[in-house]
Amino acid sequence: ATGSARNQMLVLERTDAANDYEWQIQGGSSSDLPYLSFVDNKGGAAAERMRIDASGNLGIGVSVPSANLHIRSASPVLKVSDSSASGAGPIIRLQREDTSIAADDRVGEIEFYSNDVSGASASPRASIGAYANDQYQRVGIQFRTAPFGSATPVERMQIDQDGNVLVGQATASSNYTGHGLYGS
């Protein structure tokens, strides 16, 4: 281990005639907040690959993670693979931890966010969310998009707890109900 009292480092090194590789696990402080980082130092060009900050946020490709898991890359991909022989398939689960739910509570949501401020501020542009329709845990899926110039997505379509598809309205009068243009 090398470093000062405030910046400790474990270095794993491999050197041969053609290559000089160094992998570092660093613990230090950034603005007096501790962190743990993983650095790849191939041929003297150090590049931080991953960091765990003082609040437990994990950054991959980013040194200041702003969420529990923050991934930054030129073309990021999150891959979940099932290696079992049964072929059951992987699951991505958005789970709410509390034990009671009320009408309009969000159970989980996938958000499509843009930093482009033309027409609106950096904000979500669309989302697909599961929301409680009542206190009995009946949940519907809402599809939302933001109108041009708005930073707030609004509901455009819903599949309610009974399987009804609602387009542009809040309650169903049949299994499929809506208004506007429809195409196939």
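Predicted model, so just to flag it, every value in this text is computed and none were measured. (Residues numbered from 1 in each chain as written. Predicted model: local features only at pLDDT ≥ 70, side-chain atom pairs only at ≥ 80, totals over all residues. Heavy atoms only, no water.)

**A short note on the packing of aromatic side chains**
- Taken as a whole and assessed by the stated rule, the structure comprises 0 aromatic pairs.
- A cation sits over an aromatic face here: Arg-144 above Tyr-131, 4.8 Å from the ring centre. (Phe/Tyr/Trp six-rings, centres within 6.5 Å; stacked < 30°, edge-to-face > 60°. Lys NZ or Arg CZ within 6 Å of the ring centre and 35° of its normal.)

**Points about the confidence of the model for the chain**
- On average, residues of the chain score 79 in pLDDT, and 77% of them reach the 70 mark or higher.
- Confidence over residues 1–6 falls short of pLDDT 50; this stretch has 10 contacts with residues more than four positions distant or in other chains.
- Within the model, the stretch residues 180–184 combines pLDDT values under 50 with 1 contact to residues more than four positions away or in other chains. (pLDDT = per-residue confidence, 0-100. Contact = heavy atoms within 4.5 Å.)

**Section: the pattern of salt bridges**
- Counted by the stated rule, this structure contains 4 salt bridges.
- One salt bridge connects Asp-105 with Arg-96, and the closest N-O pair in it is separated by 3.3 Å.
- Overall, the relative accessible area of 22% leaves Asp-105 in the partly exposed class.
- Between Arg-106 and Glu-109 there is a salt bridge whose closest N-O contact spans 3.2 Å.
- Residues joined by salt bridges that share partners form a network here, namely Arg-96, Asp-98 and Asp-105. (Salt bridge = Lys/Arg side-chain N within 4 Å of Asp/Glu carboxyl O. Buried < 20%, exposed > 50% of the residue type's maximum accessible area, 1.4 Å probe, protein only.)

**Examining the pairing of strand β5 (residues 45–52)**
- Two strands pair when backbone bridges link them, and β5 and strand β6 (residues 58–60) are joined in this way by 3 bridges, in the antiparallel orientation. The partner of Ile-52 across the bridge, within β6, is Leu-58.
- Hairpin connection of β5 to β6: 5 residues between the antiparallel strands, including Gly-56 at a positive phi of 95°. (Pairing = 2+ DSSP bridges. Helix = DSSP H or I, 4+ residues; strand = E, 2+ residues; numbered from the N terminus.)

**A short note on a nonpolar patch on the surface**
- Together, Ile-60, Leu-69, Ile-71, Leu-78, Val-80, Ile-92, Leu-94, Ile-110, Phe-112, Ile-128, Ile-141 and Ile-159 make up an exposed nonpolar region whose accessible area comes to about 1,000 Å².
- Contributions of two or more residues to the nonpolar patch are made by β7 (69–71) and β8 (106–114).
- You can see Ile-71 is positioned in strand β7.
- On the accessibility criterion, Ile-71 (36% relative accessible area) is partly exposed. (Patch = residues over 30% accessible without salt bridge, like charges linked within 9 Å, V, L, I, M, F, W, Y side chains within 5 Å. Areas by Shrake-Rupley, 256 points an atom, 1.4 Å probe, with all protein chains shown as cover.)

**Quick look at the side chain of Asn-57**
- By the secondary structure assignment, Asn-57 is in the loop between β5 and β6.
- Residue classification places Asn-57 among the buried positions, given a relative accessible area of 13%.
- Side chain to side chain, Asn-57 and Ser-55 meet in a polar contact 3.4 Å long.
- With residues near it in sequence (within four places) discarded, Asn-57 still touches Arg-51, Ile-52, Pro-65, Ser-66, Ala-67 and Asn-68. (Polar contact = N/O pair within 3.5 Å; in protein donor to acceptor, adjacent residues only side chain to side chain.)

**Side note on unusual backbone geometry**
- Residues other than glycine seldom take positive phi values, yet Asp-104 does so here, at roughly 75°.
- Examined against the element boundaries, Asp-104 turns out to sit in the loop between β7 and β8.
- When its relative accessible area of 64% is taken as the criterion, Asp-104 is described as exposed.

**A look at the pairing of strand β11 (residues 154–159)**
- Bridge analysis of strand β10 (residues 139–145) against β11 gives 5 bridges, and the strand direction is antiparallel. In the sheet register, Gln-142 faces β11, and the bridge partner there is Gln-158.
- Strand direction decides the pairing type here: β11 and strand β12 (residues 165–167), joined by 3 bridges, are antiparallel. Bridge pairing in β12 links Ile-159 to Val-165.
- Joining the antiparallel neighbours β11 and β12 is a turn of 5 residues, in which Gly-163 adopts a positive phi near 90°.

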